[in-house]
Amino acid sequence: MIRKPVDVGDPDRLYMVTGGRSEADDSFDLVTLVVSESEPTPGMQSEHVRILELCRHPIAVVEISAELALPVTVVRILLGDLHDMGKVSARHPRAAASVAGLPETALLQEVLHGLRNL
């Protein structure tokens, strides 16, 4: 089986799926968890319906992209549409703790030394 690069797809189809848009919503990064807030409605675009079905449980943007076999940029555009309609909510990963809040290196070395002595 020959695999294609991820962002290769029929340009006409991708153009139709996004309505000609190429700028994605910046609020969805690869690890943002997305959850559907409602069921699909009649007449919705098939990709929107599939996303809502996938998002019944929290799922990362990159996983949605893989399941739909669409480029991440296209998925982010579609998620932006659904978010604007109030159909999905996004749970962003927590930011890393600041370096100032981490324990001192000397303390960590003492703990490691104590564990090795056990």
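Shown above is the structure to which this text applies.
What counts, and where the lines are drawn
Residues numbered from 1 in each chain as written. Predicted model: local features only at pLDDT ≥ 70, side-chain atom pairs only at ≥ 80, totals over all residues. Heavy atoms only, no water. Salt bridge = Lys/Arg side-chain N within 4 Å of Asp/Glu carboxyl O. Helix = DSSP H or I, 4+ residues; strand = E, 2+ residues; numbered from the N terminus. Buried < 20%, exposed > 50% of the residue type's maximum accessible area, 1.4 Å probe, protein only. Lys, Arg positive; Asp, Glu negative; His and termini not counted. Contact = heavy atoms within 4.5 Å. Core = buried A, V, L, I, M, F, W, Y, C linked by side-chain atoms within 4.5 Å.

Caption draft 1: The pattern of salt bridges, seen in detail. Summed over all chains, the structure comprises two salt bridges. Put simply, R56 and E39 hold a salt bridge, and the shortest N to O gap is 3.6 Å. With R56 in the loop between α2 (46–54) and β2 (59–60) and E39 in the loop between β1 (33–36) and α2, the pair connects residues that are 17 residues apart, well separated along the chain. Here R56 falls in the partly exposed class, since its relative accessible area comes to 49%.

Caption draft 2: Structural view of the side chain of K87. Topologically, K87 is positioned in the loop between α4 (72–84) and β3 (88–91). Of the side chains with opposite charge, E39 comes closest to the buried, unpaired K87, at an N-O distance of 9.5 Å. Those residues in contact with K87, other than ones at most four positions away along the chain, are V35, S36, E37, S38, E39, T41, M44, L52 and L82.

Caption draft 3: The arrangement of the environment of P40 in detail. Mapped onto the elements of the fold, P40 is located in the loop between β1 and α2. For P40, a relative accessible area of 27% corresponds to the partly exposed category. When the C-alpha positions of P40 and R50 are compared, they lie 8.7 Å apart, and in sequence the two are ten residues distant. In this structure, P40 is in contact with V49 and L52, ignoring residues within four places of it in sequence.

Caption draft 4: Looking closely at the nonpolar core. In this structure, V34, I51, I64 and L79 are the most contacted members of the largest nonpolar core, which totals 21 residues. Looking at this core, the elements with two or more residues in it are α1 (11–18), α2, α3 (61–68) and α4. The biggest single contributor to this core is α4, with six residues. Filtering out sequence-adjacent residues up to four positions away, I64 remains in contact with V34, I51, L54, C55, I59, V75 and L79.

Honestly, that's just the spatial picture; any functional story needs more than this.
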